[in-house]
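Spelled out, the chains give:
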Amino acid sequence: MRDEIKPAEILDILKKKISGFEPSVEETETGRIIQAGDGIAQAWGLNNILFGELVEIDTEEGTVVHGMVMNLEEETVGVILFSDYVFVREGCTVRRTRKVAEVPVGEALIGRVVDPLGNPLDGKGPIKTDKRSRVEAKGPSIIDRQNVVEPLQTGIKAIDAMIPIGRGQRELIIGDRRTGKTTIAIDTIINQKYANEKDRVYCFYVAIGQKGSSVVQLVETLKKHGVLEYTTIVAANASDPASLQYLAPYAATAMAEYFRDSGRHALVVFDDLTKHSQAYRELSLLMRRSPGREAYPGDIFYLHSRLLERAAKMSDEKEGGSLTALPIVETQEGDVSAYIPTNVISITDGQIFLEANLFNSGFRPAINVGISVSRVGGDAQIKAMKQTASSLRIDLAQFRELAAFMQFSSELDPSTQNQLNRGERLTEILKQPQYSPIDVYKQVMILKAGISGRLDKYPTAKLLVYQDELFEYLDSEAASFMQKLRAASGFTDELGKEMEGVLNTFEEKFHPESIETGIDAGYTVNLAMVLSQRSSSINRDMLKLIERITARELASPSLETEIEQIITGKDVVEKDRFENLIESCEIIDYEKSDAMGRLFKTAARIMAKESGDIRSSEIYSKLIEREKSSSTALSPFFAIPHIVVEGKEKFQILIVRSKRGVKFSSLAEKVYAMFFLLGSMDQRHFHLVVVSSLAQIVRHPSFEEEWISSKDVETLRRLILNIRKNKI
């Protein structure tokens, strides 16, 4: 058998094997860590490494720690470490990767929460994309840009009217801590959900140095308003290394540039660059770079200028996309002349300055229009807004100057008084609650009403109600006019006349005097419970609380005195009147249904019969409308459905007991005691007394048990009066 194996055959087999062999040589440059700590490391032996290159460090625990070269020195290189830096010790092997920092980009990131390296933090699985972009990139050249002419609507009246932001702009939001800076950015993100798919703005929010709980709260807010589906959150929390906080804004910008360069629109919010600069200062000092002003390194300006230069409106040849930047900077005691604020102000295209005094006085958003500016100006506004709000900034500036001067004057001529009244009303309509952006064409309509003087005839406290009812009217009865205005983008002579007609028709239906006595359910809950806390001496904190919650609906010069008398029990006349009301009112047992609507119809018929001049259908619709705004069930046991009607000297109460219970809401599925109130405008004070008295009665320890067990309605009447007179 050995003779059958020929040497030639063995040689042929070996030749075939060798012919397929291709030698490969892989060269890896490695070095050693000679010093490590506080998230940075010094490495020796990497003579050919590049600035910004990524490195890998093998640790004794078997993990691989990633870092990035930040310092190039004569013998060593400084490396910032991204994670697990506690495992990096002297002697660990470090090797080059010949790659710079990159992050995943693309549609897969939309709706996700990631860290600055693109790793998911939301538990929704890996980011499925094969596209990657460099974290550091040059901004577009001048020839690749075009002027900022397309508005980015924030939904905030004060900004869209006076400090407009354009797509591709860099607008700084600056102010002290807790003045609403982040709220403006979130409002802007929320407002983008109303854009159509063609104009969709993809939003990126960068949380730098924030608490993890704050980031979670932000995610829940965006989910609640339905905007997380086009938003990406890049989080470098306070517990993360300074290296990740330093990298976060650049990573988010790289993710946003993907949309800019594909002809779409993106928005990046940097919250905030103060913490970003502090993280960079920490790294620089650890790297032993020379400190300068406020211990910041000499290239601190370049840190932010190269970041914000990447925001741009691209030319049509580059597909016309845009990247808008909203950097946030925190000041100390309103000092905008500090180092970082002045740096960023000089880099950006304008700033929105938020003032703590305005915020604390209740003017929110607390924008100081005097030093806030947009260097894009009217180019970033729709035509209708430019036509409407061109004089608004000057009007407000004149009002504030005049108001400050008039503090030293006791007598005012009519023209000065009119100017003050107008400015006061313009200031009032610029107020806006958080997370409530407004469509820009609705903004135009309310501003048109204010600037033209239509609001001068209404009390200042009623203007926000005027606005809410106007918006409802525009959505329903004036929807066709709003469609024409959107199509035209601006006012023509014909549209101007039609707008005047729309406002005239609305004002014919608007009755501010009925609003003045409108006591909504949210107000009633707080007021009733506070007023029932009777005490021999007036509680000033309680008084101020009631003043605050009643100032809008029930404002009057004597409000404080009225409330004080109610709380202290000095209002003897109205006290007797309440007892007389209970003795004469109608009380019924209702067991027909547990449906609230059927009960309201029954109550409306009874109250209409007693009033004589109000139809039951009108009472019923008012009861239902009030209940839709917020439930009048002040506890799971009792409710106070109440309405305000026109006329004078009208007030009645209908008391209803239901042993089976009536469902008012998911939180009050079985309400057993219901007190229906109907009153006219001149009965405002007595309305407060009745609400307070009822709140005190139903909170008595024996009320609920005896209310259910009482045999008839007269026993119920005696129960209420006995508790009132302290006989139980």
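Everything numeric here is computed off the predicted structure, so don't read it as measured data.

Draft legend 1. Representation of empty space enclosed by the protein. In this structure the tally under the stated criterion is two cavities of 30 Å³ or more. Taken as a whole, the largest cavity holds about 40 Å³ of empty space. Residue composition of the lining of the largest cavity, by class: seven nonpolar, two polar and one charged. Estimates place the volume of the second largest cavity at around 30 Å³. Contributing to the lining of the second largest cavity are T253, V268, F270, L307, L308, R310, A311, L323 and A325. Of all the secondary structure elements, the ones that give two or more residues to the lining of the second largest cavity are β13 (265-271), α7 (300-308) and β15 (322-330). Tallied by class, the residues present in the lining of the second largest cavity amount to seven nonpolar, one polar and one charged.

Draft legend 2. View of the nonpolar core. Of all hydrophobic cores here, the largest spans 134 residues; its most connected members are L392 and Y466. The element best represented in this core is helix α5 (residues 242-261), accounting for 12 residues. Beyond its immediate stretch of four places on either side in the chain, Y466 contacts I446, A449, L455, Y458, L503, F506, E507 and F510. Membership of the second largest hydrophobic core comes to 30 residues, among which are L581, L634, F686 and I720.

Draft legend 3. Region of interest: the pattern of salt bridges. Here the structure, examined in full by the defined rule, presents 34 salt bridges. A salt bridge links D439 to R486; the shortest N-O distance between them is 2.7 Å. Taken as a pair, D439 in the loop between α12 (414-429) and α13 (440-451) and R486 in helix α15 (residues 479-488) lie far apart in primary sequence, 47 residues in all. Across the pair R724 and E579 runs a salt bridge whose closest N-O atoms are separated by 4.0 Å.

Draft legend 4. Structural detail: the pairing of strand β16 (residues 350-354). Of all five residues in β16, five are buried, a share of seventy percent or more. In β16, alternate side chains face the same way, and those of G350, I352 and L354 on one face and Q351 and F353 on the other are all buried. Where strand β10 (residues 172-175) and β16 come together, four bridges link them in parallel fashion. Following the sheet pairing, I174 is matched in β16 by F353. Sheet topology note: the β16/strand β17 (residues 373-374) ladder contains two bridges and is antiparallel. Looking at β17, one finds that G350 is bridged to S374.

Draft legend 5. Quick look at the confidence of the model for the protein. Per-residue pLDDT for the protein has a mean of 86; in total, 88% of the residues score no lower than 70. In the predicted structure, residues 516-557 sits below a pLDDT of 50 and forms 101 contacts with residues beyond four places in sequence or in another chain.

Draft legend 6. How the structure looks around the environment of Q434. Tracing the chain through its elements places Q434 in the loop between α12 and α13. Judged by relative accessible area, Q434 falls into the partly exposed class, the value being 46%. Expressed as a C-alpha distance, the spacing of Q434 and I156, which sit 278 residues apart in the sequence, is 9.4 Å. Excluding anything up to four places from it in sequence, Q434 contacts T183 and D187.

Draft legend 7. Structural context of the sheet that holds strand β2 (residues 40-44). Strand order in the closed barrel made by the six strands is β1-β2-β5-β4-β3-β6, with antiparallel pairing throughout. Taken over all neighbouring pairs, the strand axes of this sheet differ in orientation by 45° on average, direction set aside. The sheet contact formed by β2 and strand β5 (residues 76-81) spans five bridges and is antiparallel. Of the residues in β5, the one forming a bridge with Q42 is G78. In this fold helix α6 (residues 273-286) packs onto β2, β4 (64-72) and β5, with an angle of close to 80° to the strand it touches most, β4.

Draft legend 8. Geometry of a nonpolar patch on the surface. There is a patch of nonpolar side chains on the surface, built from I10, L14 and I18 and spanning about 300 Å² of accessible area. On the secondary structure map, L14 appears in helix α1 (residues 7-19).

Draft legend 9. View of helix α16 (residues 493-509). The terminal C-alpha atoms of α16 lie 25 Å apart, and with 17 residues this matches the ideal 24 Å at 1.5 Å per residue to within 8%. Residues L495, G496, M499, V502, L503, F506 and E507 constitute the buried set of α16. Here the buried residues of α16 occupy an arc of 125° about the axis, which is enough to place them on one side. Of the exposed residues in α16, those oriented more than 90 degrees away from the buried face are D493, E494, K497 and E508. Next to the buried residues of α16 lie α13, α14 (463-476) and α15.

Draft legend 10. Quick look at the packing of α12 against α14. Closest axis-to-axis distance for the α12/α14 pair is 9 Å, and the angle between their directions is 55°. What the angle tells us is that α12 and α14 run oblique. The hand of the α12/α14 crossing is right-handed. Where α12 abuts α14, its residues R425, E428 and I429 lie against L463, L464 and Q467. Of the residues assigned to the contact of α12 with α14, the class counts are three nonpolar, one polar and two charged.

Draft legend 11. Expanded view of the packing of aromatic side chains. In this structure the tally under the stated criterion is 19 aromatic pairs. When the ring of F600 is compared with that of F676, the centres are 5.6 Å apart and the planes differ by 80°; the resulting orientation is edge-to-face. Of this pair, F600 sits in helix α22 (residues 596-611) while F676 sits in strand β22 (residues 671-680), placing them 76 residues apart in sequence. Each member of the pair F600 and F676 is classed as buried. Between F651 and F686, the aromatic rings sit 4.9 Å apart at their centres with planes inclined by 70°, giving edge-to-face as the arrangement.

Criteria and cut-off values
Residues numbered from 1 in each chain as written. Predicted model: local features only at pLDDT ≥ 70, side-chain atom pairs only at ≥ 80, totals over all residues. Heavy atoms only, no water. 1 Å grid on protein atoms, 1.4 Å probe; cavity = no way out; pocket = protein on both sides within 12 Å on 5 of 7 lines; lining within 4 Å. Points joined across faces, edges and corners; volume = space filled by probe spheres on them. Nonpolar A, V, L, I, M, F, W, Y, C, P; charged D, E, K, R; others polar. Helix = DSSP H or I, 4+ residues; strand = E, 2+ residues; numbered from the N terminus. Core = buried A, V, L, I, M, F, W, Y, C linked by side-chain atoms within 4.5 Å. Buried < 20%, exposed > 50% of the residue type's maximum accessible area, 1.4 Å probe, protein only. Contact = heavy atoms within 4.5 Å. Salt bridge = Lys/Arg side-chain N within 4 Å of Asp/Glu carboxyl O. Pairing = 2+ DSSP bridges. pLDDT = per-residue confidence, 0-100. Axes fitted to C-alpha atoms, helices over the stretch in contact; angles between N-to-C directions. Patch = residues over 30% accessible without salt bridge, like charges linked within 9 Å, V, L, I, M, F, W, Y side chains within 5 Å. Areas by Shrake-Rupley, 256 points an atom, 1.4 Å probe, with all protein chains shown as cover. Expected span 1.5 Å × (residues − 1). Arc of directions from axis to C-beta. Parallel < 35°, antiparallel > 145°, perpendicular 65-115°, else oblique. Left-handed = near helix turned anticlockwise from the far one by under 90°. Phe/Tyr/Trp six-rings, centres within 6.5 Å; stacked < 30°, edge-to-face > 60°.

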